[in-house]
Amino acid sequence: MIRFLTKRAGDGLMTLAALVTLTFFVMRLAPGGPFSSNRKISPDILANVQASYHLDDPLVVQFLHYVWGVVRFDFGPSIRFRDYTVSEILLSGLPYSLTIGFWAVVVATVVGVTLGILGALRRNSLIDYSAGVVAVIGIAVPIFVIAPLMQVYFALTLGWFPVGGWGASWRNLVLPIVALALPNIAYISRLTRAAMIETLRENYVRTARAKGIGRARVIWHHALTGAILPVVAYLGPATAAIITGSIVIETIFALPGIGRHFVDAALNRDYPLVMGITILYGGFLIVFNILADMLRGWLDPRVRNE
Amino acid sequence: MSDASLAPIPRSTLSLQLRRFRQNWLAMLSVVILLAIMAACFLGPYLFPFDGEEANFDAINQGVDFTSIHLFGTDDYGRDLLVRTLEGGRVSLNIGFLGALVAGIIGVLYGAVSGFVGGRIDRVMMRLVEVLYGFPYVILVILLSLLFGGGNVALFAALVFTLWLTPAVIVRGQAQSLARREFVEAARACGMTSRQIILTHIVPNTMSTVIVYSSLLVPEVILSESFLSFLGIGIKEPQASWGNLIQGGTAAMSTDIRLLLLPAGLLATVLFCLNFIADGLRDAFDPNER
C-alpha cells in the first residue's frame, strides 16, 4: 500500500512538473503580454513595470525563479488583480466552487447509480426507458442550453428558486447543482447499467445466489461492488473537473467561484494566475485519480494485485 | 454432390455491418434528420436575398412571422435569426466533421505506433498524453488558438489538438494486443518493416473501433466549439455560430426566448442525431458490446 502510494505520488509529481514546464513555455510563446493594450504606455514605465514582475529576465531565469517560488508554495502575485497574490485569489473563490462541485458529484453519483441499477434490474421497463431518456438528454443537450432553460422555467415562470447569485439560502444552490450534475447523471447511469447487466451474468453472482443468499443482498452487496468499478474510474477525473468550477455554470448563475479565472487569466495573459490554475487543476486531477485507484483496489482484489 | 442453394451467400463483414445499421430505425431516422439539417445549413441561406451579417434596420427585434421574409424574426440589429442559425450550423458541422476526421487520424497513428512499438517509446508517448490530459481544457484551447494566430483556423487546430488524446489511448490498447498476434509475427518473419506492419495490419484492424469512436468525436467537437463560442473565445461576432447565438439568446431570454430556442433546439437536435448514429454504429460494428 505504502509502496503503491509513493510510486503514484512520484509519478504524479513528475506529471505535474512536466505540466508546469509545458504551460510556462507555451504561455510565453503565445503572442501578446499582460501589458499590451490599446492604451499607449511610455517605454520607460513599461520597462519599470516589467522589471517589477521580473518579465525582463531571460525566459529560463524567469522559469527557475517561478519554480523556486512554487517549491516554497509561493505562486506569485497576480498581474491583473493588483495587490492580490494568486493564492489569495484562488483560495477566495475555491469555497464556492467546492461547495457546488461537491454536491453536484454527490447528486450525480447517487442518482446516476440508482437509475443505472434500476434500469439493469428491470430492463426495457418504464423506468429503464425513462432513465435512458434522461441519459440521452444529459449527454446530448449542452449544459449551457439546459441551465438557461431551467432559469426561465424554475426561476422566472414558477419562481421556486432565485435566478442566480450566491446567498445565504440553500435555494441559490439548487439550480446550479442540478445543472452541473445532469450530464454526469447521464454518464454514470449508462456506465452503471452496462456494468450491472454484465456483472449479474458473472459466475460469482450465480454462485452467491446458489448458496442461498437473498436476491437483495446479492444485488446490493455482491453485484454492485463489481458494477461500480467503472463508475469509480470515471469519477476520478470527473470530480477534479467538477470541483474546480464550471465556467459555464458560474457565468450563467453569477457565482463567485474560480471557474471564470480559467478564461480570464488566459485572455489577460495573467501569467502567474494561469500557472496557479493549471497547478491546482493538475494537482486535483492526480489526487483524485489516485483516490479512485485506491477505492477500486479496495473494492476489487483483482485490481489490487495488478 | 454439393447443393449450391444451401451454401451461405458470401457477404463481406462490412455489408453485414451496414445491414445491421440499416435495421436500427432510430439510427436511420437520425441519419435522415441530420442530412436534412445539413442540407438546410449548406443550401438554406442562399434562398434568402440577404446574409446573416446584414442588418435590416426596418425590422429590428421582429418576432416570429411566417408571412414576412424573416420567418423566425430578427435580433436587435435586425439580422435574420433563421439565416444566422443556419450559417452558424454550417460552421459547426464543418468543424465537427473535419475536426473528428483529423483528430481521429492523428489519434490512430499515434496510438498504433505507441502500442505496437512498446517499451520505452510507448512509455514516453503515453506520459505525454497523460501530461496533456492534465491541462485545464479551456486554458489549453485559449493558449493554443493564440499560439496559432487566432481566428477560425487556429480554433480548429486547438480543438483537434485537445481531442486526439482519447482515440490515441483506445487504439494503443488494441495495437498492444494485436502486436502479440500470430499474423503480425508472420508478417515480421516475412520481412515486413514496422512501418509496413503498422499501416497494413495494425491500423486496418483497429478500424471498427475507430469508426465507432470517431462518430462520438463529431458531437464532442461540435459541443466544444459551441461551448467556446458561448464563452466568447470561439467564433466571434459578427460571424454567427450556435454557441454565440445561444449566448445572445440567454442574455435576452427573460424578454424573448425565441432567440434562445431556435439555435439551442437545432444544436440539441444535431447532437441527439449524432449520438443515436454513434450508438447505432457501435451496435452494428460490435454486437458483443451491448
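On a predicted model such as this, the values are computed, not experimentally measured, just so you know.

Enquirer: Would you mind showing me how to read the overall build of chain A here?
Expert: The helix and strand inventory of chain A stands at 14 helices and 0 strands. N-terminal to C-terminal, the α/β element order of chain A is α-α-α-α-α-α-α-α-α-α-α-α-α-α. Counting only C-alpha atoms and orienting by the principal axes, one finds that chain A spans roughly 85 × 55 × 30 Å. A buried classification covers 46% of the 306 residues belonging to chain A. Contacts in chain A between residues at least 24 apart in sequence constitute 74% of all its contacts with a sequence separation of at least 6. By element, 65% of the accessible surface of chain A is carried by carbon and sulfur atoms, the whole surface being about 15900 Å². For chain A, the centre of its 25 positive side-chain charges and the centre of its 16 negative side-chain charges are spaced 14 Å apart.

Enquirer: Please clarify how the overall build of chain B should be interpreted in this entry.
Expert: Within chain B one finds 12 helices and 0 strands. If you list the helices and strands of chain B from N to C, you get α-α-α-α-α-α-α-α-α-α-α-α. Put simply, chain B has 290 residues, and 49% of those count as buried. Of all intrachain contacts in chain B linking residues separated by at least 6 positions in sequence, the fraction that spans at least 24 positions is 67%. Surface exposure of chain B reaches about 14200 Å², of which carbon and sulfur atoms provide 64%.

Enquirer: Got a minute to help me understand the interface of chain A and chain B in this structure?
Expert: The parts lose accessible area when they come together, and the size of an interface is often stated as this lost area. If you look at the interface, chain A gives 41 residues, while chain B gives 35 residues. Approximately 3300 Å² of surface area, both sides summed, lies buried where chain A meets chain B, with 83% of it carried by carbon and sulfur atoms. Looking at the side of chain A facing chain B, the largest losses of area belong to A:T15, A:A140 and A:F144, adding up to 16% of the total buried there. With 10 residues, the top contributor of residues to the side of chain A that touches chain B is helix α1 (residues 2–29) of chain A.

Enquirer: Just to check I follow, could you spell out the pattern of salt bridges for this structure?
Expert: Once the charged atoms of two side chains with opposite charge are near each other, the side chains can pair. Inspection of every chain in the model, using the stated rule, returns 6 salt bridges over all chains. One salt-bridge network, held together by shared partners, links A:K7, A:D11 and B:R127.

Enquirer: Is there a simple way to explain the packing of helix α6 (residues 151–163) of chain B against helix α10 (residues 207–230) of chain B in this structure?
Expert: Helices that pack against each other are described as a pair by the angle of their axes relative to one another and the distance between those axes. Residues and elements named next belong to chain B. At a minimum axis distance of 11 Å, the contact between α6 and α10 shows a crossing angle of 130 degrees. The angle between the axes of α6 and α10 places the two elements in the oblique class. The interaxial crossing formed by α6 with α10 has right-handed handedness. Together, L155, L159 and L163 of α6 and L217, E220, V221, S224, E225 and L228 of α10 make up the contact between the two elements.

Enquirer: Would you take a moment to explain the packing of α1(A) against helix α4 (residues 119–134) of chain B for this structure?
Expert: Interaxial distance between α1(A) and α4(B) falls to 9 Å at its minimum, and their mutual angle equals 70 degrees. By the angle class used here, α1(A) and α4(B) are roughly perpendicular. Where α1(A) crosses over α4(B), the two elements pack in a sense that is right-handed. Contacts between α1(A) and α4(B) involve A:D11, A:M14, A:T15, A:A18, A:L19 and A:L22 from the first element and B:R127, B:E130, B:V131, B:L132 and B:G134 from the second. Classifying every residue of the contact of α1(A) with α4(B) gives 6 nonpolar, 2 polar and 3 charged.

Enquirer: Just to check I follow, could you spell out the confidence of the model for chain B for this structure?
Expert: Interpretation of this model should avoid reading the predicted coordinates in detail wherever pLDDT is low. Residue and element names in this part refer to chain B. For chain B, mean pLDDT is 78; residues scoring 70 or higher make up 84% of the total. Per-element mean pLDDT across chain B ranges from 75 in helix α1 (residues 13–22) up to 85 in helix α3 (residues 81–117). Interface confidence for the predicted complex, expressed as ipTM, amounts to 0.74; the pTM equals 0.78.

Enquirer: In this structure, what is going on with the side chain of A:H261? I would like to understand it.
Expert: Residues and elements named next belong to chain A. Note on placement: H261 falls in helix α12 (residues 259–268). For H261, a relative accessible area of 5% puts it in the buried group. Contacts of H261, omitting those with residues within four sequence positions, involve F81, I89, A266, L273 and I277.

Enquirer: Help me understand unusual backbone geometry in this model?
Expert: Apart from glycine, the bulk of residues carry a negative phi angle, and the bulk of peptide bonds sit in the trans form. Residues and elements named next belong to chain A. Of note in this structure, A254 is not a glycine but carries a positive phi near 50 degrees. Among the structural elements, A254 can be located in the loop between α11 (247–252) and α12. Judged by relative accessible area, A254 falls into the exposed class, the value being 51%.

Enquirer: Would you mind going over a nonpolar patch on the surface with me for this structure?
Expert: All names here are of chain B. On the surface, L98, L101, V102, I105, I106, L109 and L199 cluster together to form a nonpolar patch covering roughly 590 Å² of accessible area. It is α3 that provides the largest number of residues to the nonpolar patch, a total of 6 residues. Looking at the element boundaries, L101 is found in helix α3.

Enquirer: Honestly, the packing of aromatic side chains in this entry has me stumped. Any pointers?
Expert: The relation between two aromatic rings is expressed through the spacing of the ring centres and the mutual angle of the planes. All names here are of chain A. Scanning all chains against the criterion turns up 11 aromatic pairs over all chains. A network of ring pairs unites the aromatic residues F24, F25, F63 and Y66 as a single cluster. The aromatic ring of Y271 is capped on one face by R28, whose charged end is 4.0 Å from the ring centroid.

Thresholds applied
Residues numbered from 1 in each chain as written. Chains lettered and ligands numbered in written order. Predicted model: local features only at pLDDT ≥ 70, side-chain atom pairs only at ≥ 80, totals over all residues. Heavy atoms only, no water. Helix = DSSP H or I, 4+ residues; strand = E, 2+ residues; numbered from the N terminus. Buried < 20%, exposed > 50% of the residue type's maximum accessible area, 1.4 Å probe, protein only. Contact = heavy atoms within 4.5 Å. Areas by Shrake-Rupley, 256 points an atom, 1.4 Å probe, with all protein chains shown as cover. Lys, Arg positive; Asp, Glu negative; His and termini not counted. Charge placed at Lys NZ, Arg CZ, Asp CG, Glu CD. Buried area = accessible area lost by both parts, 1.4 Å probe. Salt bridge = Lys/Arg side-chain N within 4 Å of Asp/Glu carboxyl O. Axes fitted to C-alpha atoms, helices over the stretch in contact; angles between N-to-C directions. Parallel < 35°, antiparallel > 145°, perpendicular 65-115°, else oblique. Left-handed = near helix turned anticlockwise from the far one by under 90°. Nonpolar A, V, L, I, M, F, W, Y, C, P; charged D, E, K, R; others polar. pLDDT = per-residue confidence, 0-100. Patch = residues over 30% accessible without salt bridge, like charges linked within 9 Å, V, L, I, M, F, W, Y side chains within 5 Å. Phe/Tyr/Trp six-rings, centres within 6.5 Å; stacked < 30°, edge-to-face > 60°. Lys NZ or Arg CZ within 6 Å of the ring centre and 35° of its normal.

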